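Residue-level structural notes
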Amino acid sequence: MKNWITLIVVAAMLATLPLVGNNYLLRLASILCMYAVLAQSWNFIGGLAGYPSFATAAFFGLGAYTSAILQNQGLPMMLAWGTAGLTTLLFAAALGGAILHLRGHYFAIASLIVAEMLREIVNTTPNLTGGGMGLNLPIMRISVEAQARYFFYAMLSLAFLCTATAIVVYRSKLGFGLRCIQQNEDAASILGVNAYSYKTAAFSLSAVFVGIAGAIYASWVNYIEPPDVFDILLAVKPLVMVLLGGLGTIFGPAIGALILLMFEEFVWRNFLTVHAAALGLIIVVLVLFLPNGLLSLLRERFARLRGAR
Amino acid sequence: MAPRKLAVANLQAGYGDVQVLWDVTMEVGPGELVSIIGSNGAGKTTLMRCISGLLVPTAGSIEVDDKVMTQAAPANFVRAGIAHVPEGRRLFSAMSIRDNLLMGAYLRRDKAGIAVDLERVYAMFPILAERRWQDAGTLSGGEQQMCAIGRGLMASPSLLLIDELSLGLAPRVVELLSESLRAVNKSGVAILLVEQDVMNALELADRAYVIDHGRVTMSGPAMSLANDPAIREAYMGLA
């Protein structure tokens, strides 16, 4: 219940942003929501099931291209977004069947190459996808301000939906089973948890919202190309955000998204050429010193306060 | 023919190109306590993994209550009344003892029955009741084994598979666990016990199988095996 109240209050507060913020702030908030979706999605497979997926970039690009191609064929935007989500979901389910028997590093590497594979497919099919030239999307005939508001609300709604799904899943039998798989997959199987279908479900959950986010992103920026939407950083950032916020927690991903975004805006803008190195540095520091995320620091302090009372 | 809880016939299994089990045939009757003894790497754990569906055998058959289960998934073995207490305990170390025990009842729907069985496990191992809210990872080795056995019992099995009861545990703890297993067995649950500690295994069991290099080399009543000169020399270091 506490989770639902937190989610609704935060979302409602964010929803009032267009009343006070300028377009720059609105753009940042849209990216924040998009990041929150990517991180929350990764948390299903990486945080709950304990499978370090690097397939986020693949899902994002697949969603973006599916929606872009469909819209260029004349499908209405919203319908194209939904279809992109569905396509990504089915793709992840099929892909999961192929690579989820791998564990640890092997799974990570297998999931990493999926985006590269899709990128090559796009590059070699210029008739359908525009290839390396990229693909233009229909432009909405509304003012710039109205567009900014529109895509902000789209991303916010998606982040809301994704987090709501997380709240439901974490308390469900699926979430319980996934946590068991994360801690000890053999033991979970022995007790009758169908590890294979549970992992596939988690992997699909980690894909569907990312696919829709990619589709919204494509409509938002009006033009996509392979290096943009299959960017490897799209696969790395969710992991960083979740580690920052707290692995396997409901609001950790959103908090991590906020921290990463602030980091990007205030620091990386001054160190443009080495920002990827900075990202690597964060991962190393996090894994070494704060494997449970920044939230765990707060929680420890809180627990100590309560203990002192 | 007498009814059999578990019947394994001509089982062959392995990992990749390495064949571990060769033509293993054995059975467990209802309520029986059977031991499988053998040295390290003899294939005992592999046999257990086949009997709980974790490993699909390459040939041969596994029947539970006269139903063929050779290709069945682990969940179906649990539903058929087989609970596996794996080697090395395999607890969910970041989850509470109570949650670990409740996970054992994962496939059950009868809330009342689960509550009754939970109390029964707590009564059998009072230390688990005392520490029910503690993380399983904080338990000592012996307590972890209690938790693992308790988790197995929570599935309400008619056959409990126990892989390495005594490994790494103090003799006093092994004694206590053995007593508990006897009590479980008396209550009607069949037990298939894999042990390296041959003396203890033969003391507990009604019957036993000796596995060597993936083959059953001897079998019979535990008492007569315990007195067999070959066994005494090979496994107990006694002449």
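Check the entry above for the structure.
Below or above, wherever it landed, is the structure these notes cover. (Residues numbered from 1 in each chain as written. Chains lettered and ligands numbered in written order. Predicted model: local features only at pLDDT ≥ 70, side-chain atom pairs only at ≥ 80, totals over all residues. Heavy atoms only, no water.)

**Quick word on the overall build of chain B**
Cut-off, in case you're wondering: Helical segments are the DSSP runs of H or I of at least four residues, strand segments are the runs of E of at least two, and each set is numbered from the N terminus. We take the radius of gyration over the C-alpha atoms and set the globule estimate at 2.2 Å times the residue count to the 0.38 power. Think of it in three bands: with a 1.4 Å probe and only protein chains considered, a residue is buried below 20% of the maximum accessible area for its type, exposed above 50%, and partly exposed in between.
Assigned secondary structure in chain B consists of 10 helices and 10 strands. For chain B, whose C-alpha radius of gyration is 17 Å, the value lies close to the compact-globule estimate of 18 Å for 239 residues. For chain B, the spread of C-alpha atoms along the principal axes amounts to about 45 × 40 × 35 Å. A buried classification covers 53% of the 239 residues belonging to chain B.

**Topic: a nonpolar patch on the surface**
Residues and elements named next belong to chain A. Here is the rule we go by: A patch is a set of surface residues, each over 30% in relative accessible area and not in a salt bridge, joined within 9 Å for like charges and within 5 Å for the nonpolar side chains Val, Leu, Ile, Met, Phe, Trp and Tyr. Under the convention used here, a 1.4 Å probe and the Shrake-Rupley method define accessible areas, while residue burial counts only the protein chains that appear. Any carboxyl oxygen of Asp or Glu that lies within 4 Å of a side-chain nitrogen of Lys or Arg is treated as forming a salt bridge with it.
A grouping of Leu281, Val284, Val285, Leu288 and Phe289 is seen on the molecular surface, where their side chains present a nonpolar patch of about 540 Å² in accessible area. When you line up the elements, Phe289 lands in helix H15 (residues 275-289). Look at Phe289 and you get exposed, because its relative accessible area is 64%.

**Topic: the sheet that holds strand E2 (residues 18-28) of chain B**
Residues and elements named next belong to chain B. Convention followed: Following DSSP output, two strands are said to pair if at least two bridges run between them. The contact definition used throughout considers only heavy atoms, calling two residues in contact when any of these lie within 4.5 Å. Structural elements are reduced to axes, namely lines fitted to C-alpha atoms, with helices fitted over the stretch in contact, and the angle between N-to-C directions of any two is expressed from 0 to 180 degrees.
Sheet architecture is open: four strands sit in the order E2-E1-E4-E5, paired in antiparallel fashion. The sheet is open, and its two edges are formed by E2 and strand E5 (67-68), each paired on a single side. Note that strand E1 (residues 6-15) and E2 share seven bridges and pair antiparallel. Residue pairing in the sheet places Ala13 in a bridge with Leu21 of E2. Contacts from helix H1 (residues 44-51) reach E1, E2 and strand E4 (59-64) within the one sheet, and its direction differs from that of E1 by about 115°.

**Digging into the nonpolar core**
Definition in use: In these notes, a set of buried Ala, Val, Leu, Ile, Met, Phe, Trp, Tyr and Cys residues joined through side-chain atoms within 4.5 Å is what counts as a nonpolar core.
Counting residues in each nonpolar core, the largest one holds 109 residues, and the members touching the most others are Phe60(A), Phe203(A) and Ile224(A). Residues contacting Phe203(A), with those up to four places away along its chain left out, are Ile45(A), Ser53(A), Ala55(A), Phe59(A), Ala92(A), Leu95(A), Gly96(A), Ile99(A), Leu100(A) and Phe107(A). The next biggest cluster of nonpolar side chains, apart from the first, holds 48 residues, and it includes Val78(B), Val85(B), Val174(B) and Leu225(B).

**Comments concerning the sheet that holds strand E9 (residues 207-212) of chain B**
Residues and elements named next belong to chain B. Taken in spatial order, the six strands make up an open sheet running E6-E7-E8-E3-E9-E10, and their pairing is mixed. The sheet is open, and its two borders are formed by strand E6 (82-85) and strand E10 (215-221), each paired with just one other strand. Neighbour-to-neighbour, the strand axes of the sheet open up by a mean angle of 15°, direction not taken into account. As paired strands, strand E3 (residues 33-37) and strand E8 (residues 190-195) are joined by five bridges and run parallel to one another. If you follow Val34 over to E8, its bridge partner there is Leu192. Across the sheet, helix H6 (residues 141-153) lies against E6 and strand E7 (159-163), angled at about 165° from E6, the strand it touches most. Sheet strands in contact with helix H7 (residues 171-186) are E3, E7 and E8, and its direction is about 150° off that of E8.

**A word on the packing of helix H1 (residues 2-15) of chain A against helix H8 (residues 144-171) of chain A**
Residues and elements named next belong to chain A. The condition that has to hold: In what follows, roughly perpendicular refers to angles from 65 to 115 degrees, roughly parallel to angles under 35, roughly antiparallel to angles over 145, and oblique to any angle outside these ranges.
In contact at an axis separation of 11 Å, H1 and H8 are set at 175° when each is read in the N-to-C sense. Judged by the angle between their axes, H1 and H8 are roughly antiparallel. Residues Asn3, Trp4, Leu7, Ile8, Ala11, Leu14 and Ala15 of H1 form the contact with H8, whose participating residues are Phe152, Tyr153, Leu156, Phe160, Thr163, Ala164, Ile167 and Val168.

**Points about the pattern of salt bridges**
Counted under the stated rule, the structure contains 17 salt bridges over all chains. With its nearest N and O atoms 3.8 Å apart, the salt bridge here joins Arg103(A) to Asp186(A). With a gap of 83 residues between them, Arg103(A) in the loop between helix H5 (77-99) and helix H6 (104-123) and Asp186(A) in helix H10 (residues 185-190) connect regions that are remote in the sequence. A relative accessible area of 19% means that Asp186(A) is categorised as buried. Salt bridges linked by common partners bring Arg103(A), Glu185(A), Asp186(A), Lys199(A) and Arg90(B) together as one network.

**With respect to unusual backbone geometry**
Residue and element names in this part refer to chain B. A positive phi is found at Asp23, a non-glycine position, where the angle reads about 60°. With respect to the helices and strands, the residue Asp23 is situated in strand E2. Accessibility expressed as a relative area gives 43% for Asp23, which makes it partly exposed. Positioned with a positive phi, Ser156 is a non-glycine residue whose angle comes to about 55°. Here Ser156 is to be found in the loop between H6 and E7. According to the relative accessible area criterion, Ser156 is partly exposed, its value standing at 43%.

**Section: helix H11 (residues 195-221) of chain A**
This is how it is decided: Here the expected length of a helix is defined as 1.5 Å per residue gap, with one fewer gap than residues.
Spanning 27 residues, H11(A) covers 39 Å between terminal C-alpha atoms, matching the ideal 39 Å at 1.5 Å per step. A positive phi of about 70° marks Asn222(A), the residue just after H11(A).

**Looking at the pairing of E9(B)**
Residues and elements named next belong to chain B. Note that E3 and E9 share four bridges and pair parallel. Across the sheet, the residue bridging to Val34 is Arg207, located in E9. In the sheet, E9 pairs with E10 via six bridges, with the strands oriented antiparallel. Among the inter-strand pairings, Tyr209 is bridged to a residue of E10, identified as Ser219. What sits between the antiparallel neighbours E9 and E10 is a turn of two residues, in which His213 has the positive phi angle 50°.

**A short note on the environment of Asn222(A)**
All names here are of chain A. Tracing the backbone shows Asn222 in the loop between H11 and strand E2 (223-224). For Asn222, a relative accessible area of 18% corresponds to the buried category. Spatially, the C-alpha atoms of Asn222 and Tyr150 are 14 Å apart, while their sequence positions differ by 72 residues.

**Considering H5(A)**
Residue and element names in this part refer to chain A. For H5, spanning 23 residues, the distance from its first C-alpha to its last is 32 Å, which sits close to the expected 33 Å at 1.5 Å a residue. Those residues of H5 that sit buried are Met77, Ala80, Trp81, Ala84, Gly85, Thr88, Ala92, Leu95, Gly96 and Ile99. Residues of H5 that are buried sit in contact with helix H4 (56-72), H6, H8 and H11.

**So, the interface of chain B and chain A**
Basically, it comes down to this: Simply put, the buried area is the total loss of 1.4 Å probe accessible area from both parts when two parts are fitted together. Side-chain atoms alone can form a polar contact between residues adjacent in sequence; in general such a contact is a pair of N or O atoms within 3.5 Å, and within protein one must be able to donate a hydrogen while the other accepts it. Residues are sorted three ways: Asp, Glu, Lys and Arg are charged, Ala, Val, Leu, Ile, Met, Phe, Trp, Tyr, Cys and Pro are nonpolar, and all the rest, Gly among them, are polar.
Taken together, the 20 residues of chain B in the interface contact 15 residues of chain A. Buried surface at the junction of chain B and chain A, summed over both partners, amounts to about 1600 Å²; 66% is from carbon and sulfur atoms. The largest contributions to the chain B side of the interface with chain A come from Phe92(B), Met103(B) and Tyr106(B), which together make up 38% of the buried area. Put simply, chain B and chain A have one salt bridge between them. In this assembly, chain B and chain A are joined by five residue pairs in polar contact (both at pLDDT 80 or more). Looking at the side of chain B that touches chain A, its residues break down into 12 nonpolar, three polar and five charged.

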